[in-house]
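# Overview (structure and organization)
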Amino acid sequence: MKLFKGNIIYTKNKESFEIMENGFILEENGHVQDIGLDLVEKYPETEVVDYSGHLLIPGFVDLHFHAVQYGNLGIGLDEELLDWLNTYTFKEEEKFSDLPYAESIFKEAIKDIIQSGTTRIVFFSSIHEGATRLLIDLCEKHNLSAYVGKVNMDRNASEGLIESPKASYEITKRLVEETEQAIITPRFVPSCTKDLMTSLGELAQKGYPVQTHISETENEIEWVKSLHPEAKNYLDVYDQCGLVTDRTILAHCVFCTDDEKEVIKYRGAYVAHCPAANFNLTSGIMNVKDYINKGIKVGLGTDVGAGNTPSIRNIIVESIKMSKVNQMMHRDKDVLSFSEAFYLATKGGGSYFGNVGSFEVGYEFDLLVIKPDDLSLSRGINCLEQLQRFVYAGHNDMIIESYCQGKKLKAY
Ligand code: GUN
Ligand code: FE
C-alpha cells in the first residue's frame, strides 16, 4: 500500500478533466483504493511516494500496433495500403520465422513503446507461433500489459505467409487456450478464406478476444465486395463468421456505413482509430465523432508500421487534427476536443482491458509521472495547460516513471 502525491489529472468522462493539485492516490495490490487531498490524515502510517510538482496521469492505451513492422517504421509511406503491404510489409513479416531476428525487433519496439508512456497495448505479431510466444514473454518481462495476436492468413499474400486454414486455426486455438494474452487475429478479409474465418469465429463465440482490420481504404472495400458478393457489406463478412463480439477490435473503420455502425454498436465491438496510418497511406478521413456520438466504443491506435510513431501522445494530436480536417471539409462544427481525445487514449481504449485508464476507485493502477518542462514551470501555467503542452509539444524524457497494475514498467 502506497500513497502517490502529485498534480492528478484524468478523465472520468470524455467531456471534462478531473484535476486535483497536490492530491494523493492510494494504491494497493495494483488498484486505486482511494483518491483525495486528505489521504495522509486518513492513512497515517502509509508510505508516501512524493511526485510533488509533477503531473500524475493514467498510462496510455494503444489498441493497434504491428510489432513485426517496427523495423520498417517510417519506410515506404508514399504507397497506398495494398501496394505498401505487397512491397514492404509482407516481405518484412516473413523474416519473423527467425527468432533471433524477431527478438531484436521486439526489444527495440517494447523499449520505445514504454518510453512513450504506453502501459497497455494490443499487438499484431506475424503468422509465426514462435515469434508470437516470444512477444508474449517479452511483454511479461517488461510489465507491459499486452494482447498478442498470431496473424491468420490463408490467401492473397506472399508464398511464405500463406498458411493452410487448418494449421492456422489450430495454432490460434492452442494459443488462446494456453495463454491469457493471445488474441484471435484474422488479418483482414482479403487475407482469409471464409472457411478459416468461420473456424476462428467459432473460437470467438467462446469469448476469446479478436482483432482485425476493416474499411481502411476504398480499394480494399471494392476488393472485399468482389470476393464476397453474398455479404451485405464488409462488416457482414466478419459478422456471418461470428467474429464480431464485444471482445472484437476493428482497426480503422474509415468508410463504415451507417448499417455497419449499427451492427458494431449492437455487438459492442471496439473501434481502433488510427489517424497517423490513415494520413500516411492517404486512406481517408475517419469521422471519429460520429462513432462517439453513436455510443460506439472507441480507442486509439498507432498502427505502426503504417503509423509512423509508437507514441499515443502523438496519436492524440493526430486524432484531433483529423477531426479538424473533417470539419474543414464539411463544416459540421463537431471537432474532437482535447479532453475527448485524451479520454480515447486512456479510459476509452482502457476499457478493453477492464477497469483501466482512470483513477476512479477500483481502477487498475496504471500511472505516468510527467515532469513539466522548464518553460511550463517558469511561466506558472496550470495543470491542464501543462498537460496540453506535454501532449502537443513534449518529449518522452518528460515521462520519468510509469506503472502498470502497480508495477514499474521496465524499458530495458
Ligand atoms: N490491412 C491488412 N493488413 C494491414 C496492415 O498490416 N496494416 C494496415 N494498416 N492495414 C492492414
Ligand atoms: Fe494495422
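See above for the structure.
If you're wondering where the values come from, they're calculated on a predicted model, not measured in any experiment.

## Re the sheet that holds strand β11 (residues 248-252)
The 4 strands lie next to each other as β10-β11-β12-β13, forming an open sheet whose pairing is parallel. Strands with a single pairing partner mark the edges of an open sheet, and in this sheet they are β10 (210-214) and β13 (297-300). The average undirected angle you get between the axes of adjacent strands in this sheet is 30°. Pairing analysis gives 3 bridges linking β11 to strand β12 (residues 270-273), with the strands arranged parallel. Considered in β12, the bridge of L250 is made with V271. In this fold helix α13 (residues 338-350) packs onto β12 and β13, with an angle of close to 105° to the strand it touches most, β13.

## A closer look at the side chain of T89
Relative to the elements of secondary structure, T89 occurs in helix α2 (residues 81-94). Those residues in contact with T89 that sit more than four places away from it in its chain are Q69, W84 and R187.

## Concerning the side chain of T346
In this fold, T346 is placed in helix α13. Of note is the side chain of T346, whose polar atom sits 2.8 Å from the backbone oxygen of F342. In this structure, T346 is in contact with T11, P58, G59, F60, V61, V356 and G357, ignoring residues within four places of it in sequence.

## Considering the coordination of the iron ion (ligand 2)
The coordination sphere of the iron ion (ligand 2), as far as protein atoms go, consists of H64 (NE2), H66 (NE2), H213 (NE2) and D303 (OD), spread over 2.0 to 2.3 Å. Taken together, the 4 donor atoms coordinating the iron ion (ligand 2) span angles of 88 to 174° at the metal, a pattern that classifies the geometry as irregular. Counting residues between consecutive donors of the iron ion (ligand 2) along the chain gives the motif H-x1-H-x146-H-x89-D. Of this pair, H64 sits in strand β5 (residues 60-66) while D303 sits in the loop between β13 and α12 (312-330), and the two are 239 residues apart along the sequence. Residue D303 is classed as buried on the basis of its relative accessible area, which comes to 2%.

How each quantity is defined
- All residue numbers refer to position in the chain's written sequence, counted from 1.
- Going through the entries in the order they are written, you letter the chains from A and number the ligands from 1.
- Residues qualify for local features only when their pLDDT is at least 70, as the model is predicted, and side-chain atom pairs are given and counted only at 80 or more; totals for whole chains, interfaces and linings, by contrast, use all residues.
- Side-chain measures were taken over the full set of non-hydrogen atoms in the model, leaving aside hydrogen atoms and water.
- Two strands qualify as a pair provided DSSP detects at least 2 bridges between them.
- Put simply, DSSP H or I for four residues or longer makes a helix, DSSP E for two residues or longer makes a strand, and each gets a number counted from the N terminus.
- Only the stretch in contact is used when fitting a helix axis, every axis being a line fitted to C-alpha atoms; angles between N-to-C directions are given from 0 to 180 degrees.
- Note on contacts: a residue pair is in contact if any heavy atoms of the two residues lie within 4.5 Å.
- Definition of a polar contact: a pair of N or O atoms within 3.5 Å, with one able to donate and the other able to accept a hydrogen when the atoms are protein atoms, and with sequence-neighbouring residues admitted only if both atoms are side-chain atoms.
- Coordinating N, O and S atoms are those within 2.8 Å of the metal (3.2 Å for Na, K and Ca), and as water is not part of the atoms, a site may appear to have fewer donors than expected.
- In these descriptions, tetrahedral denotes four donors with every angle between 85 and 135 degrees, square planar four donors and octahedral six donors with opposite donors over 155 degrees apart and the rest between 65 and 115, and irregular any other case.
- Relative accessible area decides the class of each residue, using a 1.4 Å probe on protein chains only: under 20% of the type maximum gives buried, over 50% gives exposed, and in between gives partly exposed.

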